[in-house]
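# A closer look at the structure
The chain contents come next:
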Amino acid sequence: MFGLGPATRIYVGVEAVDMRKGFDGLYGLVRDQLAHDPLSGHLFLFSNRTRTRLKALVWDGSGLWVCAKRLEKGRFHWPAPNATQRSVAMRAEELAMLVNGLDLKQTQPRKWYRRSA
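Notes on the structure in this doc start here. (Residues numbered from 1 in each chain as written. Predicted model: local features only at pLDDT ≥ 70, side-chain atom pairs only at ≥ 80, totals over all residues. Heavy atoms only, no water.)

### What to know about empty space enclosed by the protein
Rolled over the atoms, a probe with the dimensions of a water molecule shows which regions are left empty. Under the criterion given, the structure shown has one cavity of 30 Å³ or more. Each pocket or cavity is described by its volume, and for the largest cavity that value is around 80 Å³. Forming the boundary of the largest cavity are Gly-13, Val-14, Glu-15, Val-17, Gln-33, Leu-34, Phe-46 and Arg-86. Tallied by class, residues from the lining of the largest cavity come to four nonpolar, two polar and two charged. (1 Å grid on protein atoms, 1.4 Å probe; cavity = no way out; pocket = protein on both sides within 12 Å on 5 of 7 lines; lining within 4 Å. Points joined across faces, edges and corners; volume = space filled by probe spheres on them. Nonpolar A, V, L, I, M, F, W, Y, C, P; charged D, E, K, R; others polar.)

In structure tokens form, the structure reads like this:
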């Protein structure tokens, strides 16, 4: 399995993606649309238009992982980008909340020191 360490960044693609895309299709999206290196070790998250499915792409040092989740009921609460953003960065805690059905808009982080990645 792959692990998410403190140096691993998580990038959420803001535009809807065709969920039929596999390794090569998601690799191309990360490289061309998000302008990131797919082999960086960071995690890249994508969703379909209805926000009922998501796919993650991550490089673990020896190969690419593609993980998928389909909701049977409900929708993922996707983060809202600025007008010019193609991706939104999030922390591992926020990813866990997103995948487990919590709305990130309704949560507020406490004011404390956190070194930026």
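### Structural notes on the pairing of strand 3 (residues 53-59)
Extensive coverage of strand 3 is indicated by the burial of five of its seven residues. Across five bridges, strand 2 (residues 43-47) lies against strand 3 in antiparallel orientation. Paired with Phe-46 across the bridge in strand 3 is Lys-55. Taken together, strand 2 and the strand that follows it, strand 3, pair antiparallel across an intervening segment of five residues, in which Arg-51 is found at a positive phi of about 60 degrees. Linking strand 3 to strand 4 (residues 64-70), which pair antiparallel, is a turn of four residues; within it Gly-61 sits at a positive phi near 105 degrees. (Buried < 20%, exposed > 50% of the residue type's maximum accessible area, 1.4 Å probe, protein only. Helix = DSSP H or I, 4+ residues; strand = E, 2+ residues; numbered from the N terminus. Pairing = 2+ DSSP bridges.)

### Section: the pattern of salt bridges
Where side chains of opposite charge bring their charged atoms close, a pairing between them can arise. Across all of its chains, the model carries five salt bridges by this definition. Here Asp-18 and Arg-20 are joined by a salt bridge, their closest N and O atoms 2.9 Å apart. Residue Arg-20 is classed as exposed on the basis of its relative accessible area, which comes to 74%. Where Arg-91 meets Glu-93, a salt bridge forms, and the shortest distance between an N and an O atom there is 3.1 Å. (Salt bridge = Lys/Arg side-chain N within 4 Å of Asp/Glu carboxyl O.)

### Details of the sheet that holds strand 1 (residues 10-13)
What the five strands build is an open sheet, ordered 4-3-2-1-5; its pairing is mixed. Lying at the two open borders of the sheet, with one neighbouring strand each, are strand 4 and strand 5 (87-90). Strand-to-strand twist in this sheet, taken as the mean axis angle between neighbours without regard to direction, amounts to 20 degrees. In this sheet, strand 4 lies alongside strand 3 in antiparallel orientation, the contact comprising seven bridges. (Axes fitted to C-alpha atoms, helices over the stretch in contact; angles between N-to-C directions.)

### What about helix 1 (residues 23-33)?
Those residues of helix 1 not exposed but buried are Leu-26, Gly-28, Leu-29 and Val-30. Elements that come into contact with the buried residues of helix 1 comprise strand 2, strand 3 and strand 4. Ala-35 lies just past helix 1 and shows a positive phi near 60 degrees. (Contact = heavy atoms within 4.5 Å.)

### Details of the environment of Asp-37
Assignment of secondary structure puts Asp-37 in the loop between helix 1 and strand 2. Considering only alpha carbons, one finds Asp-37 and Trp-59, 22 residues apart in sequence, at a separation of 9.9 Å. Only 3.1 Å separates the side chain of Asp-37 from the backbone nitrogen of Leu-39, close enough to count as a polar contact. (Polar contact = N/O pair within 3.5 Å; in protein donor to acceptor, adjacent residues only side chain to side chain.)

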